[in-house]
Amino acid sequence: MTEATPPPLVHGAPSTMGDDFPLNVMTLMRHAVRVAPEQEVVHRTGDGGWARSSYAATYERMMRLANALTSLGVGPGDRVGVLDWNSHRHFECYFALPGMGAVMLQLNQRLGIEDLAYVVSHGGARFITVDETLLPLAEALAPHVPGVAGWILMGERPLSEISTTLAPLYHYEDLLAAADPVFAWPMVEERSAASACYTTGTTGKPKGVYYSQRSTYLHAYALATSLGMTLDDCTMFITPLFHGHGWGMPHAAVLTMNKIVLPGRFTMDETAFLTDTLIREGVTVTNGAPAIFLPMLRHIEALPEKPDLSRLRMLSGASEPPLAMMRGFHDLAGAEVVHAYGA
């Protein structure tokens with residue numbers, strides 16, 4: 001037997017543990033809503049302000065979304081593309097889509113039109129949700145993806161105020177408002193794909209990675225355990241949610257019923273805003289790259305009164321975190337930079 005040959009599958013005595021219950025993504029959210037329905041979900045609004053919601057209210061919106069998509073003909077196995085920032089609507093898609101058995105197709109807005117069109121076509125997206133600020137990108141993409149049956153606009157402004165060539169076009173909030181607030185979630189088989197993330201195509205065409213419900217569920221436990229996440233934590237997603245499944249952070253945060261902070265759209269020169277938000281909301285877990293964390297450290301250095309971030313764990317990936325940055329966060333504010341995967 002060679003090392004590459006898998007060992008034979010052996011069936012031992014049956015257990016009494018109910019192991020035929022699938023490990024699927026929506027189980028994480030349903031448990032969190034039962035245990036901590038009033039836990040906060042804080043998100044940035046389109047005008048730059050902030051809104052506060054709860055797990056219970058967010059869960060109802062997920063059920064409305066599932067009903068709305070079902071009414072459009074989306075069913076188990078169908079792909080729905082998401083072209084969005086780190087918004088509350090994107091977060092809702094993270095659970096509603098795999099919860100109904102569909103696949104969340106993560107769309108990297110940094111790809112060129114040719115590669116993005118390949119991802120949409122190869123992934124077989126039936127519908128694409130798109131944030132209002134990304135309409136120009138979606139309009140450039142649309143002629144190259146004739147298989148897309150419709151576009152769903154994410155934003156606060158009504159369709160009557162939107163000028164776009166996308167058609168047919170639906171409004172996310174209108175769909176939710178018209179949908180039933182209760183959805184009968186199916187028991188999705190755990191080997192079914194929950195979401196898909198495509199590589200950037202640096203060596204040929206982008207290649208799809210389809211995360212199973214089971215692997216997503218188990219990764220949430222692995223990440224939460226390694227970071228010591230508990231109900232008392234507050235997690236802010238800085239890494240783009242379209243990048244590598246958000247590193248699994250949304251699922252780990254829901255598993256441990258954290259307060260969640262969604263900063264929406266931000267640019268590299270808005271790290272002061274990210275830092276101030278992190279301090280104000282009492283964030284204890286976040287993820288990002290040194291390119292973001294270093295300017296955040298510089299902002300803290302300039303503050304007349306240094307914050308106490310002794311509970312903060314900063315999962316740093318993409319590239320190796322400089323030792324000076326790790327020491328800087330620790331010495332100035334007590335924060336821990338966790339060296340994660342990166343080139």
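Analysis parameters
- Every chain's residues receive numbers from 1 upward, in the order its sequence appears when written.
- Reporting of local features is limited, given that this is a predicted model, to residues whose pLDDT is at least 70; pairs of side-chain atoms are given and counted only at 80 or more, and all residues count toward the totals for whole chains, interfaces and linings.
- Side-chain metrics rest on all non-hydrogen atoms present in the structure, leaving aside hydrogens and water.
- Starting at the N terminus, helices and strands are each numbered in turn, a helix being any DSSP run of H or I of at least four residues and a strand any DSSP run of E of at least two.
- Helix span, as expected, comes to 1.5 Å for every residue beyond the first.
- Exposure is judged per residue with a 1.4 Å probe applied to protein chains only, and the accessible area is read against the type maximum: over 50% gives exposed, under 20% gives buried, and values in between give partly exposed.

Draft legend 1. Spotlight on unusual backbone geometry. In this structure, the amide linkage connecting Ala167 to the following residue, Pro168, adopts the cis form with an omega of -10°. Within the element layout of this structure, Pro168 appears in the loop between strand S6 (150-154) and strand S7 (169-171). A positive phi angle, near 55°, is found at Met257, a position not held by glycine. Of note, Met257 is situated in the loop between helix H8 (249-255) and strand S11 (259-262). The phi dihedral of Ala318 is positive, around 75°, even though this residue is not glycine. With respect to the secondary-structure elements, Ala318 resides in strand S13 (residues 313-318).

Draft legend 2. Fine view of helix H3 (residues 88-99). Compared with the 16 Å implied by 1.5 Å per residue over 12 residues, the 17 Å span of H3 between its first and last C-alpha is a close match. Of all 12 residues in H3, 12 are buried, a share of seventy percent or more. Buried residues of H3: His88, Arg89, His90, Phe91, Glu92, Cys93, Tyr94, Phe95, Ala96, Leu97, Pro98 and Gly99, and no others. Downstream of H3 by one or two residues, Gly101 has phi in the positive range, about 90°.

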